[in-house]
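Coordinate analysis (summary)
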Amino acid sequence: MKLDQQEAERLVRTYSDLILRLSYTYLKSTQDGEDVCQTVLLKLLTGNEAFESPEHEKAWVVRTAINACKDELRAFRRRAAPLDGVAEPAAPEPPRSDVLEAVMALPAKYREAIYLFYYEEYSVKEISGLTGRSEAAVSAHLSRGRKKLRAMLGGSEYEPNGAK
Amino acid sequence: MNQMERNEREYQQAMDALRFSGEAKARMAASLTTEREERPVKAKRFRPLRTGLLAACMCLALVGTAFAAVYQLTVQISSDEEHVRYIVYGEAVKHPLEDYSPEMQADYAAFDRSKGGILPGRKFDGWDGAKAYLGDNIPCVWRNTDDVVWDGEYRVQMIPDLTWDTNDLQYAHFYNNALLDCGMSCETMIYIYGPRHTYDQLYGMGQFLGAEYRLLEDYAMANGCVAKIILESGAEDWPTQYSIGIFMKEGMLYKVSLYGGAAGQFTDEEMVTQLCQVLDSFY
C-alpha cells in the first residue's frame, strides 16, 4: 500500500464524518457532503500545511470545511443542474430527530455555534478562533440559539460553563 | 436530567448517526489517492523571485520612482503543462506589527502558533470597525458602497512568518464580500505587507489548464491610482467568469474581484465596465 493511499485512508477515517456533519449543518443537506469532503481532504493531502498536533490539524480541517461550505453556498444558486443520466452517489440520510430538525431550522450562525459547542465540544474562545467571530458574538449566537430551541422544544434554559 | 440536557443528548446522538457508509469512505479514499497522484503538491502562492525576474522588476521600479508616487505593478501571466497563473509584482510599503492598533497587536501577541489553531484576526459588521482595528497608521481606504445590495463579512486577518523561522508578522489582509445590484458578487482584499515580505512578488493565483487569464489595458481610476485589469474565464467543465482589478495605494495592494457566475451571463464588456465602476468608487 502506497504512503499516499494510507494517508488518504487515515484522513477519510478521521475527518470524513466530521466534514459531513459540518456540511450538513451549513448546507442543510447531505447531498454535497462528499464533494466538500473531497475538496477539504485533497487540500490537506496536497497542501504545504505543517501541523504541530492532531488538534491543530483538526482545527485546520474544521476551518477549511467551513470555508468550503460557504463557497458551496455562494456557488449554489449559480450551479448548473447535473447532466441527465449521470448517477450521483447516494447521500447519507440524516437521522429522524425532533431536536436535530429544530436545530436545522435555526439561522446558520446559530447552527454553526451549536454544532461546534455541543457536538465538537469546542469552547467559545476556540469557536471564535475557528470562525473568526468575536467571543461575544459566539456567546450571543449560542444563547439566542438555545432560547429559540427552548421555544420550539420546551424545557428549562441550560447554560453550560463558558457559554453565558 | 432536565429537558435541555435531554435535547443536548438527542442532538449528539442524531449527529453521531450522521456518517458516511463504509462504501462511501472507500470510494473517497480511492478518489483522493487518484487525484493526489494526478495533481502535484501545490506550491505556496508566494515564492522567492527568480534572479532574472528580480532584476527586471527592479528596473521597472526604478523607472517608476523617477516620476511620482504612482505605484508600479507588473502582472505576468504564464502557464505550464498543467496550470495557468498570474503573478503580481511590485514594491510594497512595509508595516511592522507596531504600526497596527494596540488591539490588533494584542491579538497577535496572544496567538501561540506552537499550540496550533487558527490565525489571529477578527470579523466586523462594517468597514469602520475593521479600519479602527487596523489602526490610524495603516492608511488603507474603502469605497462608496451604494451599489451593494447584500454585505458580507468584513474580516482582518494576520499571517505570521511563512517560513516559520520567527514569530514576526508576514502580512495582514482585509477581506470583504458583497453582492452588487447588477447581480455580480464582489470580493475585495487589501494586503498590507510586513518587513518579512522581502520579495516583490505580491500576489499570485492559478488554475488548472483550460481556464484563461487575459490582461487588459490599465485603467486610470478616479482616485488617481492605476489598476491592472484581468479577465478570468473558467475551464470548460466549470465555465465561470471573473473580472479582476488590482491596484496599489499608499503601498498596499488592493484586489477587487467581480464574479459574474456561469460564463455567458454577462459579456466581457459588462464585466469590465462594472469593475471599473467599483474601482472608481474607492476613495
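Please read all numbers here as calculations on a predicted model, not as lab measurements.

**Focus: the overall build of chain A**
Looking only at helices and strands, chain A features seven helices and zero strands. Across chain A, contacts joining residues at least 24 apart in sequence account for 64% of those joining residues at least 6 apart. Of the accessible surface of chain A, which amounts to about 8,000 Å², a share of 51% is contributed by carbon and sulfur atoms.

**Focus: the pairing of strand β2 (residues 83–90) of chain B**
All names here are of chain B. Burial within β2 is extensive, with eight of its eight residues counted as buried. Strand direction decides the pairing type here: strand β1 (residues 73–79) and β2, joined by seven bridges, are antiparallel. Across the sheet, the residue bridging to S78 is R85, located in β2.

**Section: the nonpolar core**
Ranked by internal contacts, the top residues of the largest apolar core, which has 56 residues, are A:I19, A:L22, A:L41 and B:Y11. Per-element accounting of this core gives the leading share, 11 residues, to helix α1 (residues 3–27) of chain A. Filtering out sequence-adjacent residues up to four positions away, A:I19 remains in contact with A:V36, A:C37, A:V40, A:L41, A:V61 and A:A65. Residues B:W142, B:V148, B:Y154 and B:L258 belong to the second largest nonpolar core, which totals 44 residues.

**Comments concerning helix α4 (residues 102–110) of chain B**
Residues and elements named next belong to chain B. Among the residues of α4, M104, D107 and Y108 are the ones counted as buried. Angular distribution of buried residues about the axis of α4 spans 95°; they occupy a single face of the element. Counted as exposed and oriented over 90 degrees from the buried face of α4: P102, A109 and A110. Against the buried residues of α4 lie β3 (121–124), α5 (127–134), β4 (148–160) and β5 (169–180).

**Considering the sheet that holds strand β7 (residues 201–208) of chain B**
All names here are of chain B. Reading across from one edge, β1-β2-β7 is the order of the three strands in this open sheet, with antiparallel pairing throughout. Taken across any chain shown, the strands that pair with only one partner, and hence form the sheet edges, are β1 and β7. The mean inter-strand angle of the sheet, taken between neighbouring strand axes irrespective of direction, is 15°. Sheet topology places β2 next to β7; seven bridges connect them, and they run antiparallel. Bridged to I87 within β7 is G204.

**A word on the environment of B:Y242**
Residues and elements named next belong to chain B. If you trace the backbone, Y242 turns up in strand β11 (residues 240–249). By relative accessible area, Y242 is classed as partly exposed at 26%. Along the backbone, Y242 and Y213 are 29 residues apart, and their C-alpha atoms lie at a distance of 9.4 Å. Setting aside anything within four residues of it in sequence, one finds Y242 in contact with I230, L231, E232, S257, L258, Y259 and M271.

**Observations regarding the packing of helix α6 (residues 124–131) of chain A against helix α7 (residues 135–153) of chain A**
Residues and elements named next belong to chain A. At a closest axis distance of 8 Å, the pairing of α6 and α7 adopts a crossing angle of 110°. Regarding the angle of α6 to α7, the classification is roughly perpendicular. The handedness of the crossing between α6 and α7 is right-handed. Taking contact as the criterion, the partners of V124, K125, I127, S128 and T131 in α6 are, on α7, E135, V138, S139 and L142. Taken together, the residues that form the contact of α6 with α7 break down as four nonpolar, three polar and two charged.

**Some remarks on the confidence of the model for chain A**
It should be kept in mind that the predicted coordinates are not to be read in detail where pLDDT is low. All names here are of chain A. Scored by pLDDT, chain A comes out at a mean of 79, with 80% of its residues at no less than 70. Here residues 77–87 is modelled with pLDDT under 50, and outside its nearest four sequence neighbours on either side it reaches 11 contacts, counting other chains as well. Note on residues 156–164: pLDDT is under 50 here. Beyond four places in sequence and across chains, it has 27 contacts.

**A short note on the environment of B:L275**
Residue and element names in this part refer to chain B. Mapped onto the elements of the fold, L275 is located in helix α6 (residues 268–280). Look at L275 and you get buried, because its relative accessible area is 0%. Between the C-alpha atoms of L275 and Y259, which are 16 residues apart in sequence, the distance is 9.9 Å. The residues touching L275, leaving out its near neighbours within four places in the chain, are I229, S243, I244, G245, V256 and L258.

**Comments concerning the pattern of salt bridges**
Residues and elements named next belong to chain B. Throughout the structure, instances matching the rule amount to 17 salt bridges over all chains. Across the pair R196 and D168 runs a salt bridge whose closest N-O atoms are separated by 3.8 Å. One end of the pair, R196, is in the loop between β6 (185–193) and β7; the other, D168, is in the loop between β4 and β5, with 28 residues separating them in the sequence. Classification of R196 as partly exposed rests on a relative accessible area of 27%. Residue D168 is classed as partly exposed on the basis of its relative accessible area of 39%. E187 is the salt-bridge partner of K255, the closest N and O atoms lying 3.9 Å from each other. In this pair, K255 is assigned in strand β12 (residues 252–262) and E187 in strand β6, connecting sequence segments 68 residues apart. Overall, the relative accessible area of 6% leaves K255 in the buried class.

**Quick look at the environment of B:Q170**
Residue and element names in this part refer to chain B. Within the secondary structure, Q170 sits in strand β5. You can call Q170 buried: its relative accessible area is 2%. Taking C-alpha positions, Q170 is 9.0 Å from I192, a pair spaced 22 residues apart along the chain.

**What to know about the packing of aromatic side chains**
Following the criterion strictly, the structure yields 19 aromatic pairs over all chains and no others. Arranged with centres 5.0 Å apart and planes meeting at 80°, the rings of A:F117 and A:Y118 form a pair that is edge-to-face. An identical accessibility class is assigned to A:F117 and A:Y118; each is buried. Taking the centre distance of 5.2 Å and the plane angle of 50° together, the rings of B:F124 and B:Y133 count as tilted. The same class applies to B:F124 and to B:Y133, which are both buried.

Thresholds, definitions, all that
Residues numbered from 1 in each chain as written. Chains lettered and ligands numbered in written order. Predicted model: local features only at pLDDT ≥ 70, side-chain atom pairs only at ≥ 80, totals over all residues. Heavy atoms only, no water. Helix = DSSP H or I, 4+ residues; strand = E, 2+ residues; numbered from the N terminus. Contact = heavy atoms within 4.5 Å. Areas by Shrake-Rupley, 256 points an atom, 1.4 Å probe, with all protein chains shown as cover. Buried < 20%, exposed > 50% of the residue type's maximum accessible area, 1.4 Å probe, protein only. Pairing = 2+ DSSP bridges. Core = buried A, V, L, I, M, F, W, Y, C linked by side-chain atoms within 4.5 Å. Arc of directions from axis to C-beta. Axes fitted to C-alpha atoms, helices over the stretch in contact; angles between N-to-C directions. Parallel < 35°, antiparallel > 145°, perpendicular 65-115°, else oblique. Left-handed = near helix turned anticlockwise from the far one by under 90°. Nonpolar A, V, L, I, M, F, W, Y, C, P; charged D, E, K, R; others polar. pLDDT = per-residue confidence, 0-100. Salt bridge = Lys/Arg side-chain N within 4 Å of Asp/Glu carboxyl O. Phe/Tyr/Trp six-rings, centres within 6.5 Å; stacked < 30°, edge-to-face > 60°.

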